[in-house]
Structures are given as structure tokens and as C-alpha cells.
Amino acid sequence: MKKLRVLLVDDEIMIREGFKKLFDWEAHDCEVAGEAADGMEALAKIDALCPDIVIMDINIPIMSGLKVIQLSRIKHPRIAYVIVSGYDDFSYCQQALRLQITDYILKPVNYEEFGTCIDNLKISLFEQRVADQTESEELEERAITGITRYLQEHLAEEVSLSILAEQFHLNPQYISQLFKNEIGVGFLTYLTSIRMEKAKKLLISTPLSVAEIAEQSGYGDYRVFTKVFKKSEGITPSQYRRDFLNTPQSIG
């Protein structure tokens, strides 16, 4: 997989330098292609560089980060945006939701959590590429596409590289390398990510217990599930459900 190009947008040079020096972009198959300090410069850099990812502050000079995203979406609908802001305000989150922001991270940045965000974003970009493929391009389905589809359809079951190797008649090491080459993350990172996404959907859309959701998400032991969920999301499954139910859902 080619390195993803990243644009950093923040009016504080120390924040931009922190991202460049304190986060291991190389380890996440990314490179910082450019940076901008205000809204107009950000729009120009987006047009010039066509980055895969834009890390965007909201409160920047000349034009707000949210306005930059709204305008750039017209010409560059495939760019992924991650907001990094000091504003823990629901109205900003509402606007971010409408603009289909990938993630909303609060300052000061926890770079371990940011790494998880980048890995999840790479998975989303891969799935977007798969969805964009036409039937003519899929006359002979690529192995990684079949494998990821299989995982989505068998999340509640035991899944391992050995099981996938037997199912697809491939070497486990080859499958492991496919994930790194095609998606940019390891097999377990990908599997955990899609299991967490399924769990979150079940938590907010069904009355199932945490134990039942754990089982449907592929975890036989709900205690293990809770531990993995908290590491991924920062809160327990029960707290995630409570927070969602207690948050106003209207974004009109």
C-alpha cells in the first residue's frame, strides 16, 4: 500500500510541529505532505496537494476549519478529515457529523489514541476503494476483498489467520502480508476495528445486553469484550450506550 499523504492545518506552529515530531507517521504508512496556518492557505494546499487525509483545527484565521471542509468537499469528496480541536462543544460535533468527519479529537492530543484513529481511517479508505470498484474490475475478485467480506459476514464466529488460510486456500503468512500491503494495518487491528464498529451499532440500536453484544461481535467472554472495547473507545460498552441515550440526537 502506498503511503497516505497528510495535510496539517493549525494556526499554532507548535501544534503542527508536535504532530510532525511526536507521532510516528512512518509506522502508520503515512507522510506529512504539507501544512497550513489559515483557512485560505488550507484550501490552496488541498487543491495543490490532493492529500488523502487532512488534520484540521476548527478555530483558524480567515476561514473556520468547518467552512474549509464544506468548500473543499465540492472538489475533493474523497479526502478524509480529522478534526483536532480544543472545543468540546456539541454544536461543533453536530456540524462535524453533517460534514461526515472521520473523527473529532480533543486537544491536547493523545498520540496513542490518534494512532488508532489513523489505523481506523485507513480501514475506511480501503473499504471505500472496494465499494468504488466496478463489476468489470471485479471479474476476478482480489483475495483481500473476499477475505474482508468473509470477516464481515462471520464476525460472531471464531476467526484466525489459520481459518482464513484454510477457507481461501492461501498461506497464513501471505494473508497477514496482504493486510499490511493492501490496507496498511495488521490482521488483528482490522478484525478488532470491525468488531468494535459492529458492537457500537448494536449498543445504540438494540436492547441486547452487553454479554449478548459481546457474543455477536465475536467475543465469547464479555469481560474480554469490555476490556477491548474500553481500550478502543476510552469508555465501557455500558457507558457508551448511556452517553448516546443521554445525548440530544436532533441535528436540525
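Treat the numbers as computed from the prediction; the structure is a model and nothing was measured.

Engineer: Is there a simple way to explain the overall build of the chain in this structure?
Structural biologist: Assigned secondary structure in the chain consists of 12 helices and 5 strands. A burial count over the chain gives 40% of its 252 residues as buried.

Engineer: What should I look at first to understand the sheet that holds strand 4 (residues 80-85) in this one?
Structural biologist: Within a sheet, neighbouring strands are paired by backbone hydrogen bonds and run either parallel or antiparallel to one another. One open sheet holds the 5 strands; their spatial order is 2-1-3-4-5, and the pairing between them is parallel. Strands with a single pairing partner mark the edges of an open sheet, and in this sheet they are strand 2 (30-36) and strand 5 (103-106). This sheet shows a mean twist of 20 degrees between the axes of neighbouring strands, independent of strand direction. Most of the contacts of helix 1 (residues 13-22) go to strand 2, to which it runs at about 170 degrees, and overall it touches strand 1 (4-9), strand 2, strand 3 (53-56) and strand 4. Helix-sheet contacts for helix 3 (residues 65-75) involve strand 3 and strand 4, and the interaxial angle to strand 4 is about 175 degrees.

Engineer: Could you clarify how one ought to interpret the confidence of the model for the chain in this entry?
Structural biologist: Caution is warranted with low-pLDDT regions, since their predicted coordinates should not be read in detail. Of all residues in the chain, 86% attain a pLDDT of 70 or more, and the chain-wide mean is 85. By mean pLDDT, the top-scoring element of the chain is strand 2 (95), and the lowest-scoring one is helix 4 (residues 90-98) (54). Scored below 50 in pLDDT, residues 134-140 shows 3 contacts in the model against residues more than four places distant or in partner chains.

Engineer: Could you clarify how one ought to interpret the pairing of strand 2 in this entry?
Structural biologist: Looking along a regular strand, one sees the side chains alternate between the two faces of the sheet. As defined by bridge partners, strand 1 adjoins strand 2 across 6 bridges and the pair is classed as parallel. Residue pairing for strand 2: Val9 is matched across the bridge by Ala36.

Engineer: What is the right way to read the packing of helix 9 (residues 187-205) against helix 12 (residues 237-245) from this model?
Structural biologist: In helix packing, the relevant descriptors are the interaxial angle and the interaxial distance, both defined with respect to the helix axes. Across the interface, helix 9 lies against helix 12 with an axial gap of 9 Å and an inter-helix angle of 50 degrees. Judged by the angle between their axes, helix 9 and helix 12 are oblique. In the crossing of helix 9 with helix 12, the sense of the turn from one axis to the other is right-handed. Each of Lys200, Leu202, Leu203 and Ile204 in helix 9 lies in contact with helix 12, whose residues at this interface are Pro237, Tyr240, Arg241 and Phe244. By residue class, the composition of the contact of helix 9 with helix 12 is 6 nonpolar, no polar and 2 charged.

Engineer: Any chance you could explain the packing of helix 7 (residues 161-168) against helix 8 (residues 172-183) here in plain terms?
Structural biologist: Following both chains from N to C, one finds helix 7 and helix 8 inclined at 105 degrees, their axes separated by 8 Å at the closest point. By the angle class used here, helix 7 and helix 8 are roughly perpendicular. Along its contact with helix 7, which presents Leu161, Leu164 and Ala165, the element helix 8 presents Pro172, Ile175 and Ser176.

About the thresholds
Residues numbered from 1 in each chain as written. Predicted model: local features only at pLDDT ≥ 70, side-chain atom pairs only at ≥ 80, totals over all residues. Heavy atoms only, no water. Helix = DSSP H or I, 4+ residues; strand = E, 2+ residues; numbered from the N terminus. Buried < 20%, exposed > 50% of the residue type's maximum accessible area, 1.4 Å probe, protein only. Pairing = 2+ DSSP bridges. Axes fitted to C-alpha atoms, helices over the stretch in contact; angles between N-to-C directions. Contact = heavy atoms within 4.5 Å. pLDDT = per-residue confidence, 0-100. Parallel < 35°, antiparallel > 145°, perpendicular 65-115°, else oblique. Left-handed = near helix turned anticlockwise from the far one by under 90°. Nonpolar A, V, L, I, M, F, W, Y, C, P; charged D, E, K, R; others polar.

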